[in-house]
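An overview of the molecular structure
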Amino acid sequence: MAGLKLVNVNKIYPNGFHAVHDVNLDIEDNEFVVFVGPSGCGKSTALRMIAGLEEISSGELYIGETMVNDVSPKDRDIAMVFQNYALYPHMTNYENMAFGLKLRNIPKAEIDKRVQNAADILGIQELLDNKPKELSGGQRQRIALGRAIVRDPQVFLMDEPLSNLDAKLRVQTRAEISKLHQRLKTTFIYVTHDQTEAMTMGTRIVVLKAGHVMQVDTPTNLYEYPKNKFVGSFIGSPQMNFIEGTLEEKDDAVTFHYSSGSIDITGEKADKLKENGFETKEVILGIRPEHINVKTDEPTEGSPNRAVIEVTELLGSETYLFVKVKEESLVARIDPSIKVKVGDFITLDPRPDKVHLFHPESEKSLLL
């Protein structure tokens, strides 16, 4: 098995569009790395360059110790699983899984052994004699995975493989893919626009925006320590709240002031702000919905952090409150046992230890 290395990799199309900018990335053997970002961010283009389906404009790509810029896709020892399954409709599922091996002149007995082993891993033995049109979307995706497994590649590449499945099946299949990675102990590179998939599956996540790598980190670190406002907004659902305001140093604390209240920032966060020279400047504060405590005793008009509830969303185990604080629209997550309704006035109590602060122009974190 092998890892991958991308060194200053760029993709520029003939019309001048710069799809991928100077990507530098080390992917270790047996990692499950997820490329995530909004549509058009360059994640699928990056994957296709790794696969050899797109030419690299500049930079170097290594699989193991070998630079493969000019190596054809069939010789890169990778297997790719596509969004649309790409199965041959006139072949049985067995023949679909065996087809690539036949092209490589693998002996028939070895082909059968590999197909049966992959079918056993995926639990699709009873589907081998059927044709793709007789299967559900989830079953077709398993056949596509089986076709990749039989090749025993150094690297698996997956381009939004779950996007055609319904919500329940997506949850089930992503768990199966995670188990498959643990069982095969092979390098997986997975592309998705769904940050929930990225957070639940990846050992590391590459967050892209407009062809630029915004951050490469573990799911926990991306969530807890976003390097910039984009990562903070993209990772997490509902997304992080953002409030524009100013910082003021007072005694040992730094206070964030905004249109309808203030938040005292103490301890290491305050020290870091002072160290960076940002104790008296305009900033953007970020706070996740679950880090806003809610006091339901109706506050008096004009009291700090007073909010009115505009929408409630009950999701069974949690409730989201969409509130208005003067001109600020925010989201708070509360326990469903807390009984509130649209039109109620509440007091927001953000946790100071969970705030994030970003530069208003560069949007980089001021706390890292």
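Rules used throughout
- Throughout, residues of each chain are indexed from 1 in the direction in which the sequence is written.
- Per-residue local features of the predicted model are confined to residues with pLDDT of at least 70, and side-chain atom pairs are confined, for both listing and counting, to 80 or more; whole-chain, interface and lining totals are unaffected and use all residues.
- For side-chain calculations, the full set of non-hydrogen atoms in the structure is used, while hydrogens and water are omitted.
- Helix and strand labels come from DSSP, where a helix needs a run of H or I of at least four residues and a strand needs a run of E of at least two; each type is numbered from the N terminus.
- The method behind every accessible area is Shrake-Rupley, applied with a 1.4 Å probe, and residues are considered shielded solely by the protein chains displayed.
- In this tally, Asp and Glu contribute negative charge and Lys and Arg positive charge; neither His nor the terminal groups of the chain are included.
- All charge positions are set by atom: Lys at NZ, Arg at CZ, Asp at CG, Glu at CD.
- Any residue under 20% of the maximum accessible area for its type is buried, any over 50% is exposed, and the rest in between are partly exposed; the area is computed with a 1.4 Å probe on protein chains only.
- The salt bridge criterion pairs a side-chain nitrogen of Lys or Arg with a carboxyl oxygen of Asp or Glu, the two atoms within 4 Å.
- Pairs of N or O atoms are called polar contacts if they sit within 3.5 Å, as long as, within protein, a hydrogen donor faces a hydrogen acceptor (for residues adjacent in sequence, only side-chain-to-side-chain pairs).
- What makes two residues a contact is simply this: any of their non-hydrogen atoms within 4.5 Å.
- Pairing between two strands is assigned when DSSP locates at least 2 bridges connecting them.
- Helix axes are fitted to C-alpha atoms over the stretch in contact, other axes to C-alpha atoms as well, and angles between N-to-C directions run from 0 to 180 degrees.
- Start and end points for every domain follow an automatic or database-based domain assignment.
- In short, buried area is how much 1.4 Å probe accessible area vanishes from two parts on joining, totalled over both.
- Exposure above 30% relative accessible area and the absence of a salt bridge qualify a residue for a patch, where like charges join within 9 Å and nonpolar side chains (Val, Leu, Ile, Met, Phe, Trp, Tyr) within 5 Å.
- Aromatic pairs are defined between Phe, Tyr and Trp rings, using the six-membered ring for Trp, whenever the two ring centres lie within 6.5 Å; interplanar angles under 30 degrees are classed as stacked, those over 60 as edge-to-face, and all others as tilted.
- Charge over a ring is defined by NZ of Lys or CZ of Arg lying within 6 Å of the ring centre and within 35 degrees of the ring normal.

1. Side note on the overall build of the protein chain
When its secondary structure is counted, the protein chain shows nine helices and 20 strands. Across its three principal directions, the C-alpha atoms of the protein chain cover 80 × 45 × 35 Å. Carbon and sulfur atoms make up 46% of the accessible area of the protein chain, which amounts to about 17800 Å² in all. For the protein chain, the centre of its 43 positive side-chain charges and the centre of its 54 negative side-chain charges are spaced 6 Å apart.

2. A short note on the side chain of Arg-76
Within the secondary structure layout, Arg-76 lies in the loop between strand 5 (66-67) and strand 6 (78-81). Despite being buried, Arg-76 has no salt bridge partner; Asp-70 is the closest side chain of opposite charge, sitting 6.9 Å away. There is a polar contact of 2.9 Å between the side chain of Arg-76 and the backbone oxygen of Met-49. If sequence neighbours within four positions are ignored, Arg-76 has contacts with Met-49, Ile-50, Ala-51, Gly-52, Leu-61, Ile-63, Val-68, Asn-69 and Val-71.

3. Structural notes on the sheet that holds strand 8 (residues 187-192)
A sheet is described by the order of its strands in space; here six strands give the open sequence 6-7-8-3-9-10, paired in mixed fashion. In this open sheet, the two edge strands, each paired with only one partner strand, are strand 6 and strand 10 (212-217). For this sheet, the mean angle separating the axes of adjacent strands, direction not counted, is 15°. In the packing of helix 4 (residues 137-149) onto the sheet, the strands contacted are strand 6 and strand 7 (155-159), and the crossing angle to strand 6 comes to about 175°.

4. Here's the deal with the domain arrangement of the protein chain
Segmentation of the protein chain into domains returns domain 1 (4-233) and domain 2 (239-358). Look at where the C-alpha atoms of domain 1 and domain 2 centre, and you get two points 39 Å apart. Each side of the interface is counted separately: domain 1 has eight residues, and domain 2 has nine residues. Both sides of the domain 1 and domain 2 interface together cover about 780 Å² of buried area, and 56% of this is carbon and sulfur. The three residues of domain 1 that bury the most area against domain 2 are Tyr-223, Lys-229 and Ser-233, which together make up 61% of that side's buried surface.

5. Quick word on a negative patch on the surface
Where like charges cluster on the molecular surface, the negative patch consists of Asp-251, Asp-252, Glu-268 and Asp-271. With relative accessibility at 70%, the residue Glu-268 sits in the exposed group.

6. Re the environment of Val-231
With respect to the secondary-structure elements, Val-231 resides in helix 8 (residues 229-234). The class of Val-231 is buried, set by a relative accessible area of 0%. For the pair formed by Val-231 and Val-207, sequence separation is 24 residues and the distance between their alpha carbons is 7.1 Å.

7. Some words on unusual backbone geometry
The omega angle of the peptide bond from Ser-237 to Pro-238 is -10°, so this bond is cis rather than trans. Considering the arrangement of structural elements, one finds Pro-238 in the loop between helix 8 and strand 11 (241-250). Phi is positive for Asn-8, which is not a glycine, with a value near 50°. Looking at the element boundaries, Asn-8 is found in strand 1 (residues 4-12). Unlike most non-glycine residues, Asn-105 shows phi in positive territory, near 60°. When you line up the elements, Asn-105 lands in the loop between helix 2 (93-103) and helix 3 (108-122).

8. Describing the pattern of salt bridges
Taken as a whole, this structure holds twelve salt bridges when the rule is applied. One salt bridge connects Glu-31 with Arg-204, and the closest N-O pair in it is separated by 2.7 Å. Residue Glu-31 is located in the loop between strand 2 (18-27) and strand 3 (32-36), and its partner Arg-204 is located in strand 9 (residues 204-209); the two are separated by 173 residues in the primary sequence. For Arg-204, a relative accessible area of 21% gives the class partly exposed. With a shortest N-O distance of 2.9 Å, Asp-353 and Arg-351 are connected by a salt bridge. Look at the salt bridges and you will find they share partners, linking Lys-11, Arg-48 and Glu-54 into a network.

9. Focus on the packing of aromatic side chains
Scanning all chains against the criterion turns up eight aromatic pairs. A centroid spacing of 4.8 Å and a plane angle of 35° characterise the contact between Phe-156 and Phe-188, whose relative ring orientation is tilted. Highlighted residues: Phe-156 in strand 7 and Phe-188 in strand 8, separated in sequence by 32 residues. Each member of the pair, Phe-156 as well as Phe-188, carries the same accessibility label: buried. When the centroid spacing of 5.7 Å and the interplanar angle of 20° are considered together, the rings of Phe-230 and Phe-234 count as stacked. In this pair, Phe-230 and Phe-234 both sit in helix 8, four residues apart, roughly one turn of the helix. Overall, Phe-230 belongs to the buried group, its relative accessible area being 14%. On the accessibility criterion, Phe-234 (18% relative accessible area) is buried. Within the aromatic cluster, the residues linked to one another by ring pairs are Phe-32, Phe-156, Phe-188 and Tyr-190. The ring of Tyr-13 has Lys-11 lying over it, and the distance from NZ or CZ to the ring centre is 4.9 Å. Here Arg-288 stacks its cationic end above the ring of Tyr-223, 3.9 Å away from the centre of that ring.

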